[in-house]
Each structure stands twice: as structure tokens, then as C-alpha cells.
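Given next are the chains, with one letter for each unit.
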Amino acid sequence: MAVEKKTEKKTLIFNAHLVDKQTDADGAILISDGLIEAVFLGDYAAEEKARALAPDAELFNAEGRTLMPSFIDMHVHFRYPGQTQKEDLDTGLASAVAGGFGTVVLMPNTLPVVSSAELAAQIKAEAESRRLCEVFQTMSLTRDFSGKETTHLDDIDSEKIPVITEDGRDVASAAVMREAMEKAAQNGIIVSCHSEDVALAQAAKPYRAEALALRKSGGAEGAEIEEKIDENLRQANELLALAEDTATERNIEIARSAGCRVHIAHCSTARSIDAVRRAKAEGMTVTAEVTPHHFALTADSREGLRAIVNPPLRSEDDRRALIEALRDGTADVISTDHAPHTVADKESGSPGFVGLETAFAAANTVLVKEECFSLSKVSALMSANPAEILGLSKGLLRPSLRADLVLVDEDEAWTVHGADGKSKGKATVFEGKTLTGKVHATWFGGRLVFRG
């Protein structure tokens, strides 16, 4: 008895403008069996001309919008397990695909802390069972964030755990950090550093706590109270800038000694990005990320000063330094540090904001529209570069690569309202701001997983 051969489902996305790190041209893309089968450059706006390319394919009209490789975020908090009141796998993944992301790297500061390969594998499997997005779960540098023990790092597999990190804090002991980095180097694993001197960060906490207490108190001395709040936050931010600068230098030097691949997370000051620049010039394997909120906003305004996030928003001089670092390649990737909180947590001063659904728009608005970056450069920062760092065969529009794609409108303006987002966290630093650039569709392995 003859066995009927299963016909592969094919989709042709036509009438598109194709952009990746190396491409900026009109064209069409043929998807087959979850992969990019072919890339056609030229004018394929007419349906008849497009259908001739692949007569048996289902057609998707991009309506002249821009088709890019989906984005890769090296720094995301899904709060799973243990904090599902803030976010869970379903809402986190929904937020990711609505933002055009096809790959996310999850941080380990959950309940419990992810300190075992078994728990990391469980989270990855649960997340990927949704078939929406590729997920990598990081492990902690020290067991349970103890700051002391690294035995859990002895035999981990870099293909399963490409990144380890103590995100949300730094490792106070330089000796323990070196031990962890040596083990990472032996196993070919990247160490992502939340560079923040522990003692200086602790010294900043009372100032933030005082500012929060004053905000809650209010009272008759309105103007005076407001200035005291701001002064306390400025004092905290000065200490936190020093904490970042000194820890960045320290972590780079320890990585140099250990022969470790090091990634500087959420770089936010001119001094810290200069430390990365010097290390690269000296031949070190160091990479760095910048968040949209740090290259888009500053603490020079009262609104920015009171946007509680770690690291804090910085000065205009720092913001300019970050933009130039993104421009000249010192900063390798844009990562969101998506950090959802409940309303009550934000009111109590928890640091961080959601960022997956505004990342492309912020990058397009600030870097492309204002700073004259090419969209290909933004694609490199959000797709090709993180793919290369993580050793993934994706991030470009090329035949045989998985069809992880995002369709955007570069010129569509929209106003950000956190309440409209897919994440459980509704606090966004871009609340009420108008951004330009909108995600319209996301494909994961050739499947349409989001359509706006």
C-alpha cells in the first residue's frame, strides 16, 4: 500500500520591504516547513507576480511594511517560578511576541532562584511547549544567590545554559566571582554581570527609602517636600553610578584573569561604557547591552528622576555616550530588562518596568528617526548581534535559517498605555509618550503567532 507523502505547508510573504543587518531592499520571503526557503529581492508588490514565485504557497500581503528577523532579548524577567502575580509564562510570552521577539533569555532571580540545570531545563520546556518563542533560562552564579558557593556550575552544558548571571545583584566577593568565571570559561559559558558594588548599592537604599516615605507623606510643605524627595533620589543615583562604574571595572578585570567571556548587562553610564571600550581595544572578549529606557530617557527631569529602576536613568551626557556606543559598536545589543511588577509593588518602590512591547518603537524613534541610525543597524543590535553572541543560527533573512520574523511599520505613531499591554506588569517608563514604529505580526518557526 502506497504511503501518501505529506505536503509541506508553504507561506509567501510578499509586498514587503526586507531589512536585516546586511539587507535593505524590497522583496518577498518564502517559508517552508518552519524555515526560510528562499529570499526574493525586487518588486513583488503585485499578487500575480508574487504568486508566480510559489504557486502552491499561501500568500501573506505585507502591505508595504518592513519584514525583519524577529528580535532576540538577552535580558528578560518572566518572574517564573514563584512570582506569578507579577508575570507568568503565558503573559510573558504573549508580551514577547507582541513586541516582535522570537528569542528571550530569562533571568534566574525567581522563587526559588534558578541554581540547577534541572530547574532551568524544566522552565525552558514549559515555556517552549507554548510554541511561541525560543527560551533560554539562565542559572545563578552562586547557588541560591548565596554569594559563596559555585559547585552547581561544575558540569553545566553551554548548549543548554549559554549564560549564567547573578542578575538583580552583583557577587560581593571578587574571589567567588573569579571562581565562577573560571568555571564558566572551562565550560564555554557567558557570564552576564549586573555590575553594581554591593556596599555602595546598600548605601543608596536609605535615600530611596526616604524619598518614598516623603512621597507618601505629602503634607502642607508641598514644594519643600518635593525638593527633598528629588534630593534624596539624586543622592541615591550618585552612589549607584559609582557602584556601577567601579563594579564594571572590577568584573572586566576578573574576567580578564579568568579568561571568561563576559557580558555587561544594562550598561548605563559613560564611565562604564568607556571601560567596555577599553577592554575591547585590548582584545578582550567582552560584550555589552543597553536598554531602550537608558538610551531614550534621562533623570534630568523630575519625571525621569522618579522613575525607579536599576540602574537608574542617568544624565544627558550618559545617554549621549550610550547612543555613541551603540553607533560605534562598543555596545553590542539592545536588551529590554523587562521587569514586570504589580501596582502595589511599584507603589512600594520596586525598581523596573516592562519593556518588551515598546523596545522596537523606542529604538526606531530615538535611534533611527532622531539619531539617523539605519534600520539595518537596529536589526543588528536587536537580532544578528545577540544571535552571534549566543551562538544561534538566526537573526538574518537567509535561506535555511528558521523563519522567526517580525513585520513592522516604521512610520506608524502610537501612544503608549501600559494598561493595553499583554504583560501582567502595567508600569512602563514610556507611559503616555508617543513613539514611532509598530509591530504588526510575528512568526515563530514559520507560524504566525501574533497579529496586531
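> I tried to follow the overall build of the protein on my own but got confused; where do I start?
Check the secondary structure of the protein and you find 13 helices and 16 strands. Its C-alpha radius of gyration of 22 Å places the protein within 12% of the 22 Å reference for a compact globule of 452 residues. Reported as C-alpha extents along the three principal axes, the dimensions of the protein are approximately 75 × 55 × 45 Å. In the protein, which comprises 452 residues, the share counted as buried stands at 58%. Within the protein, counting contacts between residues at least 6 apart in sequence, those at least 24 apart form 74% of the total. Total accessible area computed for the protein in this model is approximately 18200 Å², and 50% of it derives from carbon and sulfur atoms. Counting 51 positive and 71 negative side-chain charges, the protein places the averaged centre of each group 2 Å from the other.

> Would you take a moment to explain the layout of surface pockets for this structure?
Any space left empty among the atoms is revealed by the rolling of a water-sized probe across them. Approximately 430 Å³ is the volume attributed to the second largest pocket. Along its surface, the second largest pocket is lined by 29 residues, and Glu357, Trp414, Asp420, Gly421 and Lys438 are the ones closest to its centre. Listing elements by their share of the lining of the second largest pocket, those giving two or more residues are helix H2 (89-98), helix H12 (359-370), strand E14 (405-415) and strand E15 (434-444). Looking at the lining of the second largest pocket element by element, the count peaks at 4 residues for E15. Among the residues forming the lining of the second largest pocket, the class breakdown is 10 nonpolar, 15 polar and 4 charged.

> Looking at this model, I keep getting lost on helix H4 (residues 174-187). Mind explaining?
Along an α-helix, residues three or four positions apart point the same way, because every turn accommodates 3.6 residues. Across its 14 residues, H4 extends 20 Å between first and last C-alpha, which sits within 8% of the 20 Å expected from 1.5 Å per residue. Considered for burial, the residues of H4 that qualify are Val176, Met177, Ala180, Met181, Lys183 and Ala184. Viewed along the axis of H4, the buried residues span an arc of 160°, placing them on a single side of the element. Exposed and oriented more than 90 degrees from the buried face of H4 are Ala175 and Gln186. On the buried face of H4, the contacting elements are strand E9 (163-165), strand E10 (190-193), helix H6 (222-258) and strand E11 (262-264). Where H4 begins, the capping side chain belongs to Ser173, and its oxygen is found 3.3 Å from the backbone nitrogen of Ala175.

> Please clarify how the pairing of strand E3 (residues 35-41) should be interpreted in this entry.
When a strand is regular, its side chains alternate between the sheet's two faces. Pairing geometry for strand E2 (residues 24-32) and E3, over 6 bridges, is antiparallel. Of the residues in E3, the one forming a bridge with Ile31 is Ile36. In this antiparallel pair of consecutive strands, E2 and E3, the connection spans 2 residues, and Asp33 shows a positive phi of 55°.

> What should I look at first to understand the environment of Ile156 in this one?
Along the polypeptide, Ile156 turns up in the loop between strand E8 (134-137) and E9. Spatially, the C-alpha atom of Ile156 lies 9.3 Å from that of Lys183, the residues being 27 residues apart in sequence. With residues up to four places along the chain from it excluded, the contact list for Ile156 reads Ala117, Met139, Ile164, Asn187 and Ile189.

> How do you make sense of unusual backbone geometry when you look at a structure like this?
Glycine aside, a negative phi is what most residues show, and trans is what most peptide bonds show. A cis amide bond links Tyr80 with the next residue in sequence, Pro81, at an omega value of 10°. In this model, Asn310 is joined to Pro311 through a cis peptide bond whose omega is -5°. Of note, Pro311 is situated in the loop between helix H9 (302-305) and helix H10 (316-328). Of note, the phi angle at Asp144 is positive, near 55°, even though the residue is not glycine. You can see Asp144 is positioned in the loop between E8 and E9. Even without a glycine there, the phi angle at Ser400 is positive, about 85°. On the secondary structure map, Ser400 appears in the loop between helix H13 (375-390) and E14.

> I tried to follow the sheet that holds E11 on my own but got confused; where do I start?
Two orientations exist for strands paired in a sheet by backbone hydrogen bonds: parallel and antiparallel. The 5 strands lie next to each other as E9-E10-E11-E12-E13, forming an open sheet whose pairing is parallel. Edge positions in the open sheet fall to E9 and strand E13 (333-334), since each of these has one partner strand only. Sheet topology note: the E9/E10 ladder contains 3 bridges and is parallel. Counted as the bridge partner of Ile164 is Val191 from E10. Packing of H4 onto the sheet brings it into contact with E9, E10 and E11, and relative to E10 it is tilted by some 145°. Along the sheet face, helix H7 (residues 270-281) touches E11 and strand E12 (286-290) and points at about 155° away from the line of E12.

> I'm lost on the sheet that holds strand E7 (residues 101-106) in this one. Help?
Strand order in the open sheet formed by 3 strands is E6-E7-E8, with parallel pairing between adjacent strands. Looking at the sheet topology across the chains shown, the edges are occupied by strand E6 (71-76) and E8. Averaged over all neighbouring strand pairs, the angle between strand axes comes to 15°, with direction disregarded. In the sheet, E6 pairs with E7 via 4 bridges, with the strands oriented parallel. If you follow Val76 over to E7, its bridge partner there is Leu106.

> Could you clarify how one ought to interpret H6 in this entry?
In a regular helix each residue adds 1.5 Å, so 37 residues correspond to 54 Å; H6 covers 53 Å between its end C-alpha atoms and thus fits that length. With its phi angle positive at about 70°, Gly259 sits one or two positions after the end of H6.

> Would you take a moment to explain the nonpolar core for this structure?
Grouped burial of nonpolar side chains is what soluble globular proteins tend to show. Core analysis: the largest hydrophobic core is formed by 99 residues, its most contacted members being Ile164, Met181, Phe295 and Leu367. Tallying contributions element by element places H12 first for this core, with 8 residues. Beyond its immediate stretch of four places on either side in the chain, Ile164 contacts Met139, Leu141, Leu153, Ile156, Ala180, Ala184, Ile189, Ile190, Val191 and Ser192. Counting residues in hydrophobic clusters, the runner-up holds 15 residues, among them Phe60, Leu67, Leu405 and Leu407.

Calculation rules
Residues numbered from 1 in each chain as written. Predicted model: local features only at pLDDT ≥ 70, side-chain atom pairs only at ≥ 80, totals over all residues. Heavy atoms only, no water. Helix = DSSP H or I, 4+ residues; strand = E, 2+ residues; numbered from the N terminus. Rg over C-alpha atoms; globule rule 2.2 N^0.38 Å. Buried < 20%, exposed > 50% of the residue type's maximum accessible area, 1.4 Å probe, protein only. Contact = heavy atoms within 4.5 Å. Areas by Shrake-Rupley, 256 points an atom, 1.4 Å probe, with all protein chains shown as cover. Lys, Arg positive; Asp, Glu negative; His and termini not counted. Charge placed at Lys NZ, Arg CZ, Asp CG, Glu CD. 1 Å grid on protein atoms, 1.4 Å probe; cavity = no way out; pocket = protein on both sides within 12 Å on 5 of 7 lines; lining within 4 Å. Points joined across faces, edges and corners; volume = space filled by probe spheres on them. Nonpolar A, V, L, I, M, F, W, Y, C, P; charged D, E, K, R; others polar. Expected span 1.5 Å × (residues − 1). Arc of directions from axis to C-beta. Polar contact = N/O pair within 3.5 Å; in protein donor to acceptor, adjacent residues only side chain to side chain. Pairing = 2+ DSSP bridges. Axes fitted to C-alpha atoms, helices over the stretch in contact; angles between N-to-C directions. Core = buried A, V, L, I, M, F, W, Y, C linked by side-chain atoms within 4.5 Å.

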